[in-house]
Amino acid sequence: MQGKRILLAITGSIAAYKSILLVRLLVKQGAEIKVVLTPAAKDFVSPLVLATLTKNTVLDNLSTGDTWANHVMLGRWADIMMVAPLSCNTLSKMATGLCDNLLMAVYLSATCPVLAVPAMDEDMWYHATTQRNIETIKANGNMVMDVGIGELASGLTGLGRMAEPDEIVRCLERYFFAEKPLKGKKAMVTAGPTYEPLDPVRFIGNHSSGKMGISIANELLIQGAEVTLILGPVSLQANTGIKTIRIQTAEEMYLETMRIFPEMDIAVMAAAVADYRPATVELSKIKKTGDTMTLELVKNPDILKSCGVIKKDFQLLAGFALETDNEEANAREKLEKKNADLIILNSMKDEGGTFKSNQNKISIFDKNGHMERFEMLSKQEVAQNIVSYLVNKMAER
């Protein structure tokens, strides 16, 4: 960590005691640390201890006497801002943009990446509002570490523990120093649904959230690739550093993909593209005129197959297959017909995975006849497995 500048933001949580050890570990590795506290954090951790360890003044107010804490420059000084622990209260503020303290002023003006390390009781963690807020800050480009399982401040045992300091350090090491096997490579990912309009109001679409494809794009970036994400109509967004092209329809995704694909070393087709679109799109809202309505649909371009037709030897092409029956046979058939190098299979029969879930269970098939199965994992972990597989395949070439 020698020379790395880390801005540590500590919120009001009993887990704040771990931040002292975290600071000590980072300082021992040569990092320069500045600390920002919320007013509530001072009830759990001593500014004097943190100032002594970091050899920097600990800040907790926008101004002290006639001195102003320059929150804009703090956010520009850091290589990374880390909110550890992230309390439920500050999570809510980050999700909504409420700026009522120095930490939030720094966060909202920061130009550096942000890593959030949540800590709260299990019931708070599972609350629908908390989960929405987590997804919102991820959608805004923040990295979020998973919470751990163990004894909580309430005396209960469950999910919600802040990650341990050594885990956080390993996460930072991976972010800063992990080998970048895809450095110099260009990667393209398609993600999310497509919406095929019927009229100005209605469309044909599906339930894809884009989470899986965005997670893959984020992991490709971490592994050093220059990443372009072609993203359907979802509210989520990828991490800073990924070029994102927003589209609505399958035709738009097809055109953007075919424009970009020839330059790519790696392409991962994770989008849930509509197979058909309405033959005509009405200019005015379709009125209800009878008990039934017949729609004429025409086939959309097959994006994966089109890439397979023009694929060069140096390119690695991966597609997804979501199946309900004869999963493995259909995945192998798709692999051959589309001239892909990999097909990543997920099944609608796997409870807890696929659309809108934070988890997924996959199997990977390659054109050499190899198949590898994975357990149900978070989509972040699934993305790591997929990209690791891609890295190994690139190394074989």
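Fair warning: this is a prediction, and the values are worked out from it, not measured in the lab.

Caption draft 1: Quick peek at the overall build of the chain. Each helix and strand in the chain was counted, giving 13 helices and 23 strands. At 24 Å, the chain has a C-alpha radius of gyration in line with the 21 Å of a compact globule built from 397 residues. Overall, the C-alpha framework of the chain stretches about 70 × 55 × 40 Å when taken along its three principal axes. Taking contacts inside the chain between residues at least 6 apart in sequence as the whole, the part at least 24 apart equals 68%.

Caption draft 2: Molecular detail of the sheet that holds strand E21 (residues 363-366). The strand order across the open sheet formed by eight strands is E14-E13-E10-E15-E18-E19-E21-E22, and the pairing between neighbours is mixed. Where the open sheet ends on each side, the last strands, each with one partner, are strand E14 (243-246) and strand E22 (371-373). Neighbour-to-neighbour, the strand axes of this sheet turn through a mean angle of 15°, independent of strand direction. In this sheet, strand E15 (residues 266-269) lies alongside strand E10 (residues 186-191) in parallel orientation, the contact comprising four bridges. When the bridges of E15 are listed, Thr-190 appears paired with Met-269. Relative to the sheet, helix H11 (residues 303-310) contacts E15, strand E18 (316-323) and strand E19 (342-347), its axis offset from that of E18 by approximately 155°. Relative to the sheet, helix H12 (residues 327-337) contacts E18, E19, E21 and E22, its axis offset from that of E19 by approximately 155°.

Caption draft 3: View of the pattern of salt bridges. Enumeration according to the criterion identifies 14 salt bridges in this entry. Two residues, Lys-338 and Asp-302, come together in a salt bridge whose shortest N-O distance is 2.3 Å. Residue Lys-338 is located in the loop between H12 and E19, and its partner Asp-302 is located in the loop between strand E17 (297-299) and H11; the two are separated by 36 residues in the primary sequence.

Caption draft 4: Region of the structure containing the packing of aromatic side chains. A full pass over the atoms with the stated rule returns one aromatic pair. Note on Tyr-195 and Phe-203: the rings are 3.8 Å apart at their centroids and 15° apart in plane angle, and the pair reads as stacked. Note on Tyr-195: relative accessible area 23%, which makes it partly exposed. Over the ring of Trp-77 we find Lys-34, and its NZ or CZ is 4.6 Å from the ring centre.

Caption draft 5: Structural context of the pairing of E19. The buried fraction of E19 amounts to six of the six residues, a majority that puts the element mostly inside the structure. Along E19, one buried face is formed by Leu-342, Ile-344 and Asn-346 and the opposite face, lined by Ile-343, Leu-345 and Ser-347, is buried too. Crossover handedness for the path E18 to H12 to E19: right-handed. When E19 meets E21, the two strands line up antiparallel, connected through four bridges. Across the sheet, Leu-342 pairs through a bridge with Asp-366, a residue of E21.

Parameters and conventions
- Residues numbered from 1 in each chain as written.
- Predicted model: local features only at pLDDT ≥ 70, side-chain atom pairs only at ≥ 80, totals over all residues.
- Heavy atoms only, no water.
- Helix = DSSP H or I, 4+ residues; strand = E, 2+ residues; numbered from the N terminus.
- Rg over C-alpha atoms; globule rule 2.2 N^0.38 Å.
- Contact = heavy atoms within 4.5 Å.
- Pairing = 2+ DSSP bridges.
- Axes fitted to C-alpha atoms, helices over the stretch in contact; angles between N-to-C directions.
- Salt bridge = Lys/Arg side-chain N within 4 Å of Asp/Glu carboxyl O.
- Phe/Tyr/Trp six-rings, centres within 6.5 Å; stacked < 30°, edge-to-face > 60°.
- Buried < 20%, exposed > 50% of the residue type's maximum accessible area, 1.4 Å probe, protein only.
- Lys NZ or Arg CZ within 6 Å of the ring centre and 35° of its normal.
- Right-handed = clockwise from strand over helix to strand, strands pointing away.

No statement about biological role is implied by the geometric values presented.
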